[in-house]
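Here's the letter readout for the chains.
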Amino acid sequence: MFEDIDSNSTKVLNEILKARRTVRAFSATPLDEKDVELIVKAGLIAPFASIPAKGKTDFRRIFIVTSGSETMKLMISIINHGMSTFVAEMSGRVDVQSAAGRINGKSGITQLLGNAPYLIIAAERKGYPPTYLADQSISLSYCMYNMWLKAVSLKIGFRLITLFVHGKMGNNEEFCQLLGLPCREFAVDACAIGYPAENFVPPKVNYPDYETNVKWLCK
Ligand SMILES: Cc1cc2nc3c(=O)[nH]c(=O)nc-3n(C[C@H](O)[C@H](O)[C@H](O)COP(=O)(O)O)c2cc1C
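So, how was this worked out
Every chain is numbered independently, its residues counted from 1 as its sequence is written. Two thresholds apply to this predicted model, a pLDDT of at least 70 for residue-level local features and 80 or more for giving and counting side-chain atom pairs, whereas whole-chain, interface and lining totals are computed over all residues. A run of H or I in DSSP becomes a helix once it reaches four residues, and a run of E becomes a strand once it reaches two; helices and strands are each numbered from the N terminus. Partly exposed residues are those whose C-beta has more than 12 but fewer than 20 other C-beta atoms within 10 Å; with 20 or more the residue is buried, with 12 or fewer it is exposed, and the C-beta atoms are placed from the backbone. In this description, any two residues whose backbone-derived C-beta atoms lie within 7 Å of each other are considered to be in contact. The nonpolar core is taken to be a set of buried Ala, Val, Leu, Ile, Met, Phe, Trp, Tyr and Cys residues joined by way of C-beta atoms within 7 Å. In this analysis, residues qualify as near a molecule or strand once their C-beta atom, positioned from backbone atoms, comes within 6 Å of it. Think of it as three bins: nonpolar holds Ala, Val, Leu, Ile, Met, Phe, Trp, Tyr, Cys and Pro, charged holds Asp, Glu, Lys and Arg, and polar takes everything else, Gly as well. Axis lines are fitted through C-alpha atoms, for helices just across the contact stretch, and the angle between N-to-C directions can take any value from 0 to 180 degrees. Should the near helix be turned anticlockwise from the far one by less than a right angle, the crossing is left-handed, and should it be turned clockwise, the crossing is right-handed. The rule for pairing is simple: two strands pair if DSSP sees at least two bridges between them.

**Some details on the overall build of the protein chain**
Along the protein chain, the regular secondary structure elements total ten helices and four strands. The order of α-helices and β-strands along the protein chain, N terminus first, is α-α-α-β-α-α-α-β-α-β-α-α-β-α. Residue burial in the protein chain is summarised as follows: out of 219 residues, 30% are buried. Taking as baseline every contact in the protein chain between residues at least 6 positions apart, the subset at least 24 positions apart corresponds to 80%.

Structure below.
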């Protein structure tokens, strides 16, 4: 089953894994639509939880929204409204307040998008029975990560926009209507993609080191 994998594959994958950083400022240089298509196709082949998908061919839907489009403008106003309700419900939680501050700030959600030319929204059909409620979120993470790695392989920057998860946008009537998605049947996640801004340098991150954080339990 691994016929197409050769000794160079793991080296290339390693390079991509190391280069995978969150990009938070994007260049105005437009992307080739073919590249956007390749990124989205990588998301479609990510693993999925089989129970929500059973008997369905549309268990994962992807929407590409261009910055400055009428759809984007409408979406921003829906999100701003949806988030203020959400923030009111969750008041007192520091993390939520900081997200709210960023949305309500001067540049609003465009700041969250880092001026990216494209917003990609992925929607995954929710699981049933309720014991499997987390499945759609897990599947969405794999979908996002496949798109992230594919974007890096094309030298395209990627930023998760988890606000769509926190705001439970899949349960928002107006938002779902805009996408043509049945409300409450799908969970939603999103990311921004575009070439990194010329002056963008990812901050230094201390990932957990192997020596301290990995334990082999073989005995
Ligand atoms: C569940 C999850 C949610 C995240 N949400 C966001 C987000 O909304 N916006 C953002 O800029 N980064 C987000 N990130 C990216 C993390 O902040 C980032 O991966 C981490 O700081 C490590 O940096 P790196 O991606 O450059 O390695 C998220 C990451 C994860 C795993």
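**A few points about the nonpolar core**
Among the nonpolar cores identified, the biggest contains 42 residues, and L119, I120, I121, M147, I161, C191 and I193 are the most heavily contacted of them. Sorting the residues of this core by element identifies helix 2 (33-44), helix 4 (70-89), strand 2 (118-125), helix 7 (135-153), helix 8 (163-166), helix 9 (173-179) and strand 4 (186-194) as the ones contributing at least two each. With sequence-adjacent residues up to four places away left out, I121 is seen in contact with F63, V65, F164, V188 and A190.

**Quick word on the site of the ligand**
For the ligand, the full set of nearby residues is R21, T22, R24, R159, L160, I161, T162, L163, P202 and V205. Taken together, the residues of the shell around the ligand break down into five nonpolar, two polar and three charged.

**A look at the packing of helix 2 against helix 7**
Between helix 2 and helix 7, whose axes approach to 7 Å, the crossing angle comes to 145°. Where helix 2 crosses over helix 7, the handedness of that crossing is right-handed. Contacts between helix 2 and helix 7 pair L38, I39, V40, A42 and G43 from the former with C143, N146, M147, K150 and A151 from the latter. Its residues placed into classes, the contact of helix 2 with helix 7 shows seven nonpolar, two polar and one charged.

**As for unusual backbone geometry**
Look at K168: it is not a glycine, yet its phi comes out positive at around 45°. By secondary structure assignment, the location of K168 is in the loop between helix 8 and helix 9. Given 14 C-beta atoms within 10 Å, K168 falls into the partly exposed group. Unusually for a residue other than glycine, R184 sits at a positive phi of about 70°. Summarising the element assignment, R184 is placed in the loop between helix 9 and strand 4.

**Description of the sheet that holds strand 4**
The strand order across the open sheet built from four strands is 1-2-4-3, with neighbouring strands paired in antiparallel fashion. Edge positions in the sheet fall to strand 1 (60-66) and strand 3 (157-160), since each of these pairs with one other strand and no more. Strand-to-strand twist in this sheet, taken as the mean axis angle between neighbours without regard to direction, amounts to 25°. When strand 1 meets strand 2, the two strands line up antiparallel, connected through seven bridges. Considered in strand 2, the bridge of T66 is made with Y118.

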